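Architecture and fold: a report
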Amino acid sequence: MSSVHDLHQMLSEGSELNIVCHNNPDPDCLASALALGRIAADAGIDERHILYSGDISHQENRAFVNLLEIDLKPFDASALLNRSEDSLVAFVDHSTPGANNNVPPETAIDIVIDHHPAESIDARFVDHREELGAAATILAEYVEALDMEVDAMLATALLFAIRRETLNFLRGATAAEYDAAGFLHDRADLDLLQTLSTPSVSGATLDAIATAITNRTTTSAVLISHVGRTSERDAVPQAADYLATLEGVETVIVFGVVGESIHLSARSPDPRVHVGDLLRETFADVGSAGGHHDVAGGEIPLGLFADFTTSDDSLLEIIEQVITARLLAELDL
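Residues numbered from 1 in each chain as written. Predicted model: local features only at pLDDT ≥ 70, side-chain atom pairs only at ≥ 80, totals over all residues. Heavy atoms only, no water.

1. Quick word on helix 12 (residues 312-330)
Compared with the 27 Å implied by 1.5 Å per residue over 19 residues, the 27 Å span of helix 12 between its first and last C-alpha is a close match. All buried positions along helix 12 are accounted for by Leu 315, Leu 316, Ile 319, Ile 323, Thr 324 and Leu 327. Looking straight down helix 12, one finds that the buried residues subtend no more than 145° of arc, so they occupy a single side. Positive backbone phi, at 60°, marks Asp 332, one or two positions downstream of helix 12. (Helix = DSSP H or I, 4+ residues; strand = E, 2+ residues; numbered from the N terminus. Expected span 1.5 Å × (residues − 1). Buried < 20%, exposed > 50% of the residue type's maximum accessible area, 1.4 Å probe, protein only. Arc of directions from axis to C-beta.)

2. Side note on the nonpolar core
Counting residues in each nonpolar core, the largest one holds 62 residues, and the members touching the most others are Leu 11, Leu 17, Leu 36 and Ile 113. Per-element accounting of this core gives the leading share, nine residues, to helix 2 (residues 27-42). Look past the residues within four positions of Leu 11 in its chain and what remains in contact with it is Leu 17, Leu 36, Ile 39, Ala 40, Ala 43, Ile 45, Leu 88 and Ile 111. With 23 residues, the next largest nonpolar core counts Val 257, Ile 262, Leu 264 and Ile 319 among its residues. (Core = buried A, V, L, I, M, F, W, Y, C linked by side-chain atoms within 4.5 Å. Contact = heavy atoms within 4.5 Å.)

3. Regarding the side chain of Thr 251
For Thr 251, the position within the fold is in strand 9 (residues 251-258). Overall, the relative accessible area of 1% leaves Thr 251 in the buried class. A polar side-chain atom of Thr 251 sits 2.8 Å from a polar atom in the side chain of Ser 268. Leave out the neighbours within four places in its chain, and Thr 251 touches Ala 221, Val 222, Leu 223, Arg 267, Ser 268, Asp 270, Val 273 and Val 275. (Polar contact = N/O pair within 3.5 Å; in protein donor to acceptor, adjacent residues only side chain to side chain.)

4. Some words on the layout of surface pockets
There is about 400 Å³ of room inside the second largest pocket. Looking at the second largest pocket, it is lined by 16 residues, and the ones nearest its centre are Leu 167, Arg 171, Asp 241, Ala 244 and Thr 245. Of all the secondary structure elements, the ones that give two or more residues to the lining of the second largest pocket are helix 9 (235-243) and strand 9. Residues belonging to the lining of the second largest pocket are distributed by class as follows: seven nonpolar, three polar and six charged. (1 Å grid on protein atoms, 1.4 Å probe; cavity = no way out; pocket = protein on both sides within 12 Å on 5 of 7 lines; lining within 4 Å. Points joined across faces, edges and corners; volume = space filled by probe spheres on them. Nonpolar A, V, L, I, M, F, W, Y, C, P; charged D, E, K, R; others polar.)

5. Remarks on the state of the cysteines
For the coordinates displayed, the defined rule picks out zero disulfides. Summary of cysteine pairing: Cys 21 is not part of a disulfide, and the nearest cysteine sulfur, belonging to Cys 29, is at 3.7 Å. (Disulfide = S-S within 2.5 Å.)

6. Here we look at the pairing of strand 9
A large share of strand 9 lies buried, amounting to eight of its eight residues. Bridge count between strand 8 (residues 222-229) and strand 9: six bridges; the pairing is parallel. The residue of strand 9 that forms the bridge with Val 222 is Thr 251. Sheet topology places strand 9 next to strand 10 (residues 261-267); seven bridges connect them, and they run antiparallel. (Pairing = 2+ DSSP bridges.)

7. Focus: the pairing of strand 11 (residues 288-291)
Of the strand pairs in this sheet, strand 11 and strand 12 (residues 295-301) are connected by four bridges, and their pairing is antiparallel. Its bridge partner being in strand 12, Gly 290 is matched across the sheet by Gly 297. Hairpin connection from strand 11 to strand 12: three residues lie between these consecutive antiparallel strands.

8. Some thoughts on helix 8 (residues 203-215)
The end-to-end C-alpha distance of helix 8 is 18 Å, a good match for the 18 Å that 13 residues give at a rise of 1.5 Å each. For helix 8, the set of buried residues is Thr 205, Ala 208, Ile 209 and Ala 212. One face of helix 8 carries all of its buried residues, which in axial projection span an arc of 95°. Turned more than 90 degrees away from the buried face of helix 8 sit Leu 206, Asp 207 and Thr 214, all of them exposed.

Structure follows, in structure tokens:
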């Protein structure tokens, strides 16, 4: 594994850093990007950009960006083409061009810092630790190792990201997350942390969760449900988190139609079920999916189903039947 000092040296030789977030970035990705930008500034890079595609739709994510004043710019693939040798490209919280990002697959990547399962990561600097609960943990280690000044905004961002990614240290947390939290705690703004942790919920999100509750079916401790069509992309994982608390349920898969695609979210503490592998193997031929043993997600283009009917109600019925049948077959239920 490369060291943070190798990273700092690489950054000191650059003139520009483009930090590319994954699509629809979450706090772990955003906080990691913010921290990497600070490290780049410490190394002498004045031209720094945090780029994203998709939406900042989850109420937590919107509050995170606004309250922490993170300067985000829409991703433009042309900006990465024909760039100078000292213009660097970094991925945080993801690792592969074209996978959960809009970066052309042939793009050369300089820096990858990630904790999600991945193979054959190609970059000049790679820190890939699947065993960790959050990418922000790695960045917290970096700023501590470099003995950088960590202001309240950065400490709050990293601490909130670690807490959120691990569901308050209950999902995938390791000793490294606790060590990072210990380093960040006294430097963070705890009032701001509380504000970030209790954002308002939109009516559309509440309606989507209610729909998922109504539509749930359970087979052998596996719950499958859908939120129908919603404008709130993050209502799908929020519904999965909520339904995962239901007594007697070990594995939850929730899906829903958002815009022109079907979004899936899965949760499972059951050691017999790896939901990342489950979603990937179930939908590899029609979309992109994957994730960790206990938390995963995916996306399927809606066009694969849209040709069957012009009625939205009929479309949702077809989607429910096909998605559920595939999942039950893969689970051998």
